[in-house]
Amino acid sequence: MKRAMILMLTMTMSLLTWGCAETPDNSASSDNLDALYGSSQIAVVTPEGYNVYDKETGEIINDDAESEEYAEADESISEQSADLMGDGTPAFARSTDGVDVDLTALSSTMVYSQVYNMMVTPENFTGKVVKMQGSYSCFYDSTTGNYYYACIIQDATACCSQGIEFILTDDYKYPQDYPTDGDIITVQGVFDTYYEGENMYCTLRNAKLL
Amino acid sequence: MIVKLFMYLEYPFVRYAIIVGVLIALCSSLLGVTLVLKRFSYIGDGLSHVAFGAMAIATVLKLTNQMVLILPVTILCAVVLLRTGQNAKIKGDAAIAMISVGALAFGYMLMNVFSTSSNLTGDVCSTLFGSTSILTLTKWEVWLCIALSVVVVITFALLYNKIFAVTFDEDFAKAVGTNADAYNLVIAVVIAVIIVLAMNLVGSLLISALVIFPALSAMRLFNSFRKVTLFSAAFSVVCALLGLFISILWGTPVGSTIVTVDVFAFFLCWMVGACLGGIKR
Amino acid sequence: MALITVKELSLGYDNIEIANNINFSVSQGDYLCIVGENGSGKTTLMKTLLGLKDPLRGQILTGDGLMKNGIGYLPQHTDVQKDFPASVKEIVLSGCQSHCGFKPFYSRKDKELANENMEKMGITHLKGRSYRQLSGGQQQRILLARALCATRKILLLDEPVSGLDPEATYEMYRLIEKLNKENVAVIMISHDIDSALAYATHVLHMGSDVFFGTRAEYLESRLGKRYLETLGGGEIA
């Protein structure tokens, strides 16, 4: 009995130590990428669009690559691109073709939790390209006189929902290019925060509908 | 699928969920054996409703740290319900029902009348069913849970023999001079703590499952108190992990998934127990 | 000095008196049988002696070095135990709780004591078995072994042979007798008046009239005779 309890306690301690170890959310490592994708190509986000380089030769292979090919991209891509390009391109100026945080690849439980995390610790996600799928909702706030567009997701029991606001690029004209309330949409944009009065809100800038 | 799972494990909130889930499952199963044998299986439900009521009051009072109110209130109710020991068995179920339903109704009414949140139904639903609360824990909450779980496990390990004596035959224990009342009190406090923590994992309505199923499954298969306790702990941890993984991979609500896994595993244990010709030695 | 002396004890629940004017004493090596009709307060008396209930009036004095944790008790079966997953060894060991105090684990001495008592009760071969699968007689012997772990001086037994078949009953009495011969005082509540009187040294009769005295005195007394008549008991040796 004593031994079993001690064994259980030790296992529990090891589990805790492993779990609570600090994982930098922005860890960048190409080893990660190789392990996951085994690819010899790498996509790099640039202000103009994105380019696909061959890792060994460094040559551009294809600069109109569809973003769908890289839909499973890990967050470290953005870090790598930042290292390579070395520019501090602000979020609203960034192109949204390479995806850093792809919520469409996660199960609904994970999506809900991840969105919650984004709301709670927005600093970890600012500047990242986020792709998500949910239902469209449009809200007009008479106090500010603005329209707000959001992509709403629900948790597994469908009793709780949360959403992220998005701001479509000027290519979209309201109301003909905008979807109808309740439509399922996929939106991709750059995560950013802004202040309205005292409150901080999160939004996806330069968003486009897929 | 394994690859996807490992990818999910890279998210910190998933790791926190696993740690907390495992600890809560472990603690609740340990005390579950005692509760089931004392015929207090429904106490989980009763106390969790009280905790819900306390949470409602804390929300209305706009307390930033709700634990400050929830824990003491729940502990107090646990003491009142459990402390009277064996003699309370007669009044036990009625008392639990009264307090449980009253707290639930009171809590919900408070939250409605003083609506402080835009998504009231959502908050209530999330507390009652625990759909994703385990995946949205802050680091502080994780550390609190770890600390409390360690305390519970150590307390249980140290008081194991006394808990056995008091559960098996309280009269005898008292007759030979064991302070059964004090140990009943300790058990009550520990249960209250576990239930407040477990609300995060499976939500208020499903807590009883975490307490009952591991103990009952173990009792189908094993005969000595020690083996029953150890197996029920292992059973609970495995089912909680399995439930968590399934819900993360397939997008089902966390609480219900864990309980479903518990139910299936219980039937499995029952059949194994029956097939082995009664009870394994 | 007697182990237990009871003076002018009055028992009851919620201020309702069910028995009063109880006086008796038990010394080392005595074998006291408590008899009486149902509802006369026998079990209540035992519980009061053990401190599980408070008396309405009167005193209970302990002497001769008897401490609270030096009393062995064999209670009647409870519901909880019928389905309880516990091995025989665990149950017998739990009797050692009385002298554990705050220590969380049993010492080797405790385990040896438990083994010794299991040996005495003839249940060593059942050590690893589950309590709930055993027969009534075996269960009683296990509980008796447990009671022995708690005491060397005095045993309180509440209807130890109820529900047992004749052979198990005889076994039980034989074991208790053996313990009594080893100078353990015995206080036993029993409905089985014949057998009880066969072994007892003293008798306490509860009811509207309370009698306490040696067995011989009881058999001579008015109460004793009347009780035996109503039970249709034969000659007692």
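Residues numbered from 1 in each chain as written. Chains lettered and ligands numbered in written order. Predicted model: local features only at pLDDT ≥ 70, side-chain atom pairs only at ≥ 80, totals over all residues.

### Thoughts on the overall build of chain C
Moving on, step 1. Scanning chain C for helices and strands turns up nine helices and nine strands.
Moving on, step 2. Projected onto its principal axes, the C-alpha positions of chain C cover 50 × 40 × 35 Å.
Moving on, step 3. For chain C, buried positions account for 42% of its 237 residues.
Moving on, step 4. In chain C, once contacts between residues fewer than 6 apart in sequence are set aside, the share between residues at least 24 apart is 71%. (Helix = DSSP H or I, 4+ residues; strand = E, 2+ residues; numbered from the N terminus. Buried ≥ 20, exposed ≤ 12 C-beta atoms within 10 Å, placed from the backbone. Contact = placed C-beta atoms within 7 Å.)

### Quick look at helix H6 (residues 166-181) of chain C
Residues and elements named next belong to chain C.
Moving on, step 1. Look at H6: 22 Å from first C-alpha to last across 16 residues, which is about the 22 Å you get at 1.5 Å a residue.
Moving on, step 2. On its buried face, H6 is in contact with helix H5 (136-150), strand E6 (154-158) and strand E7 (185-189).
Moving on, step 3. Note on H6: the residue one or two positions beyond its end, asparagine 183, has a positive phi of about 75°. (Expected span 1.5 Å × (residues − 1).)

### So, the interface of chain C and chain B
Moving on, step 1. Contacts between the two partners involve 24 residues from chain C and, on the opposite side, 25 residues from chain B.
Moving on, step 2. The set of elements that each furnish at least two residues to the side of chain C that touches chain B consists of strand E5 (71-74), helix H2 (79-82) and helix H3 (88-94) of chain C.
Moving on, step 3. The element that contributes the greatest number of residues to the side of chain C that touches chain B is H3(C), accounting for three residues.
Moving on, step 4. Grouping the amino acids of the side of chain C that touches chain B by side-chain chemistry returns 14 nonpolar, eight polar and two charged. (Nonpolar A, V, L, I, M, F, W, Y, C, P; charged D, E, K, R; others polar.)

### Things to note about the confidence of the model for chain C
Moving on, step 1. Across chain C, the average pLDDT comes to 83, with 95% of residues at 70 or higher.
Moving on, step 2. Reported confidence for the predicted complex is 0.83 by ipTM and 0.75 by pTM. (pLDDT = per-residue confidence, 0-100.)

### Observations regarding the pairing of strand E3 (residues 31-36) of chain C
Residue and element names in this part refer to chain C.
Moving on, step 1. Most of E3 sits out of view: six of its six residues are buried.
Moving on, step 2. The alternating pattern of E3 places Tyr31, Cys33 and Val35 on one face and Leu32, Ile34 and Gly36 on the opposite face, and all of these are buried.
Moving on, step 3. Pairing analysis gives four bridges linking E3 to E7, with the strands arranged parallel. Counted as the bridge partner of cysteine 33 is methionine 188 from E7.
Moving on, step 4. Two elements, E3 and strand E8 (residues 202-206), share five bridges in a ladder whose sense is parallel. Residue leucine 32 lies in a different strand from E8, and its bridge partner there is histidine 202. (Pairing = 2+ DSSP bridges.)

### A word on the sheet that holds strand E1 (residues 4-13) of chain C
Residues and elements named next belong to chain C.
Moving on, step 1. Ordered in space as E2-E1-E4, the three strands form an open sheet in which the pairing is antiparallel. The sheet is open, and its two edges are formed by strand E2 (16-26) and strand E4 (57-62), each paired on a single side. Along the sheet, successive strands turn relative to each other by an average axial angle of 25°, direction set aside.
Moving on, step 2. Bridge count for E1 against E2 is seven bridges, and the pairing is antiparallel. Opposite valine 6, over in E2, you have phenylalanine 24 as the bridge partner. (Axes fitted to C-alpha atoms, helices over the stretch in contact; angles between N-to-C directions.)

### A word on the sheet that holds E3(C)
Residues and elements named next belong to chain C.
Moving on, step 1. Sheet architecture is open: six strands sit in the order E5-E6-E7-E3-E8-E9, paired in mixed fashion. Every interior strand has two partners, whereas the edge strands, E5 and strand E9 (211-214), have only one. Ignoring strand direction, the axes of neighbouring strands in this sheet form an average angle of 15°.
Moving on, step 2. Packed on one face of the sheet, H5 meets E5 and E6 and runs near 165° to E5.

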